[in-house]
Structure formats: C-alpha cells, structure tokens
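# Chain and residue survey
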Amino acid sequence: FKTTVENVCNKKPIKILEPYDLEKIKRLIIEKKLSAVPVVNDCNVLVDILFWEEIFDSTEHRKPKSSLSNPVVIMAGGKGTRLDPFTKILPKPLIPIGDKPIIEIIIDKFVDYGVNDFYLTLNHKSKIIKSYFEELSPSFNVEFVLEDSPYGTAGSINLLKGRFSEPVIVTNCDIIIDCDYHDFVTHHTKNKFDLTLAASLKNYKIPYGICELSNGGVLEKIVEKPEYNYLVNTGMYVLNPDMIKLIPEKKHFDMTDFMEVIKSSGGKVGVYPISESSWIDTGEWAEYKKAVQKISF
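Overview of the structure.

The rules behind each value
- By convention here, each chain's residues receive numbers from 1 onward along its written sequence.
- With pLDDT at 70 or above as the cut-off, local features in this predicted model cover only qualifying residues; side-chain atom pairs require 80 or more to be listed or tallied, and sums for whole chains, interfaces and linings still use all residues.
- Remark: hydrogens and water are excluded; side-chain values derive from all non-hydrogen atoms of the structure.
- Strands qualify as paired when DSSP identifies two bridges or more between them.
- Helix and strand labels come from DSSP, where a helix needs a run of H or I of at least four residues and a strand needs a run of E of at least two; each type is numbered from the N terminus.
- Axis angles are defined between N-to-C directions and span 0 to 180 degrees, where every axis is a line fitted to C-alpha atoms and, for a helix, only to the segment in contact.
- The classification of residues rests on relative accessible area computed with a 1.4 Å probe and restricted to protein chains. Under 20% of the type maximum is buried, over 50% is exposed, and intermediate values are partly exposed.
- It is the directions from the helix axis to the C-beta atoms that the arc portrays.
- Here, nonpolar core means buried Ala, Val, Leu, Ile, Met, Phe, Trp, Tyr and Cys residues that are tied together by side-chain atoms lying within 4.5 Å of each other.
- We call two residues in contact when some of their heavy atoms are within 4.5 Å.
- To count toward a patch, a residue needs a relative accessible area over 30% and no salt bridge; like charges are then connected within 9 Å, while nonpolar side chains (Val, Leu, Ile, Met, Phe, Trp, Tyr) are connected within 5 Å.
- Note on areas: Shrake-Rupley, 1.4 Å probe, and residue coverage restricted to the protein chains presented here.
- By definition here, a salt bridge exists when the distance from a side-chain nitrogen of Lys or Arg to a carboxyl oxygen of Asp or Glu is within 4 Å.

### Structural notes on the pairing of strand β3 (residues 46-51)
When strand β2 (residues 36-40) meets β3, the two strands line up antiparallel, connected through five bridges. By the bridge assignment, Val40 is partnered in β3 with Leu46. Two successive antiparallel strands, β2 and β3, enclose a turn made up of five residues, where Asn44 displays a positive phi of approximately 65 degrees.

Encoded structure:
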C-alpha cells in the first residue's frame, strides 16, 4: 500500500481502438478468454467497455430475426442417472420444468425459429417418450431413431447418415440454450467449419489462497483467491452432414472422439461463444433446481 499505482498496474493492457471490427473483437475475446475489452480513441482515452454478454448474447429473450430450415437432432437416449430417483420412473427428456418436460422446452425454442423437422435418438425408456409425443400431436415433425444399445454422445448420429443435405443442429436433451440459433448456424457456415460447438464462459473463483511451489516443495508465493475463466462445452453443435460418415456404425462413440476424428481427417472444429446466463444445464440436481427457479411459463 505504500507503493504508487504505476508500479503495480498493467501498463500494456489489451485494448481496442475506435472504430473497431466486431468480428475481430469476438476472436480476440475467445483467444484471450476475456470478460471485457476497453475501447479507446486516438488520444488513448477510454470511451467504452465491451462486455462478453453484450457481444455474444443477451440475457433477455429476443424474437428471432430470421427463420431456420435446418433439421435438429436431439440426443435423448441416456439414462439420466444423475437425476435419480426421477429417472427411475421417467426418462430424462420428460423430467418436468414447470408444466412442460425439458425436451418440449428445447423444441419450442427451435420452433420459434421456424424449425419443423426434429429427430430424437432414443434408447432408455424409448416407448414412454414415443407415447408422449403421440399423445401431444405436435404441429412439427418428429422422427424417432432407436439405438440397439447406448452409442455414446455421438454414435447414434450415424443412424441418420445420408438423411441431410444442409448443416444439422445437434443438442443434448438436458440443456436449454437461449441464444440466436440463426446466428449460430451462420457463424458455422461463414467460417467454413465442419463442426461448431456452442461454448459458455464459466468463471470459477477459488475461495482460498493457492500455494505455488518450486522443485523440492519450496513455497514460491501464495495467490489469494484466484479467478479462472474457461470456455465450457454446452452440448449443442452444428454439424456438416458429410461428416456423419466418420462416425463408426453401432459403436459407442462420444462427441470428443468425433471432434478428434474430424480434425485428424483435415476438418475444422469451431467454437460459438454464448454467455453463461444463456445456458441452463438440467442434467444434475443442483442445476435442475436452478432451472426450475429461473424458468417461468
């Protein structure tokens, strides 16, 4: 506290000069994992601060500006063991939030964009899920794709090989994402990615002093209550249909395996950032309870 500010401040901060290119700022924020970027004028005077949430998303629900014709695949074959005992009786996609099951909330958000074709990959308690939609008699098209056995988070997509002619949106059945789906697909096609995943910025604050050691266990320094930012995979993707052939038939195959195969074959895997507030994970009890409190109908 006895030293001057100039001895401890960052003298080379990351900053943007007016006028700026929003796409370049997006790439900078993703690369550096920044939560905010200062904007300065020619005199190096601060004129604005661009925050992650303002650039990539909004916490407010927005009416879609454009419609989508892309098909949507919902991976709904898992057992949902993290939601026991609910999933001892109900399949995970039919766990209610308010007066609707999770899967119907997910579908409604795509229907708002004009999406009409949905493919549900099923395994665990598939008959109950099929019966629910038969009783619902929805205005959109639903096709059920049955797995003989659990094929992982990507394996069942192989069962849809040759069915699509345009990029397909793939999503887990336990996540609710409130973002601009049209912009998501546009980001994928514009950057010529073969697979694009939606990623959320997560901030973790360690409530303790962290010890940094050198060789031999000698304490170098203690960092008090550090904060870390990570881009977390939300479980929603846009996929080029010609990539589906890379998924092995009738084999357990996860999305992480799929991404590695795409990259090793010369393909490109991209990232579409969304704000933390735009992603609701209902796959475990703590997050499910938050979702029930957050979502109102």
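### Let's talk about the sheet that holds strand β14 (residues 227-239)
The strand order across the open sheet formed by seven strands is β8-β7-β4-β9-β14-β11-β15, and the pairing between neighbours is mixed. The strands lining the two open edges of the sheet, one partner per strand, are β8 (141-146) and β15 (269-274). Neighbour-to-neighbour, the strand axes of the sheet open up by a mean angle of 30 degrees, direction not taken into account. Where strand β11 (residues 195-205) meets β14, ten bridges bridge the pair, whose relative direction is antiparallel. When the bridges of β14 are listed, Leu197 appears paired with Tyr237.

### Brief notes about helix α1 (residues 22-32)
Restricting attention to buried positions, one finds in α1 the residues Ile25, Lys26, Leu28 and Ile29. Each buried residue of α1 sits inside an arc of 165 degrees when the element is viewed along its axis, so together they form one side. Facing away from the buried side of α1, by more than 90 degrees, are the exposed residues Lys24 and Glu31. Positioned one or two residues after α1, Lys33 has a phi angle of 55 degrees, which is positive.

### Some words on the nonpolar core
In terms of nonpolar packing, the biggest core is built from 39 residues, with Ile74, Phe110, Phe118 and Met236 touching the most fellow members. If one sorts the elements of this core by residue count, helix α4 (residues 102-111) sits on top with six residues. Those residues within four positions of Ile74 in sequence are excluded, and the remaining contacts are Ile103, Ile106, Ile107, Phe118, Tyr119, Leu120, Thr121, Thr171, Asn172 and Cys173. Counting residues in each nonpolar core, the second largest holds 23 residues, with Met75, Val145, Phe253 and Met255 among its members.

### Digging into the environment of His252
Of note, His252 is situated in the loop between β14 and α7 (255-264). For the pair His252 and Thr153, spaced 99 residues apart in sequence, the C-alpha to C-alpha distance is 8.2 Å.

### Some details on a nonpolar patch on the surface
A cluster of nonpolar residues, Leu46, Ile49 and Phe51, forms a patch on the protein surface that exposes about 250 Å² of accessible area. Classification of Leu46 as partly exposed rests on a relative accessible area of 49%.

### Points about unusual backbone geometry
Cis geometry marks the peptide bond from Glu18 to Pro19, where omega comes out at -15 degrees. Despite not being glycine, Asn44 shows a phi value in the positive range, around 65 degrees. Tracing the backbone through its elements, the reader meets Asn44 in the loop between β2 and β3. Not every positive phi belongs to a glycine, and Lys125 is a case in point at roughly 55 degrees. Mapped onto the fold, Lys125 is located in the loop between β7 (117-122) and α5 (126-136).

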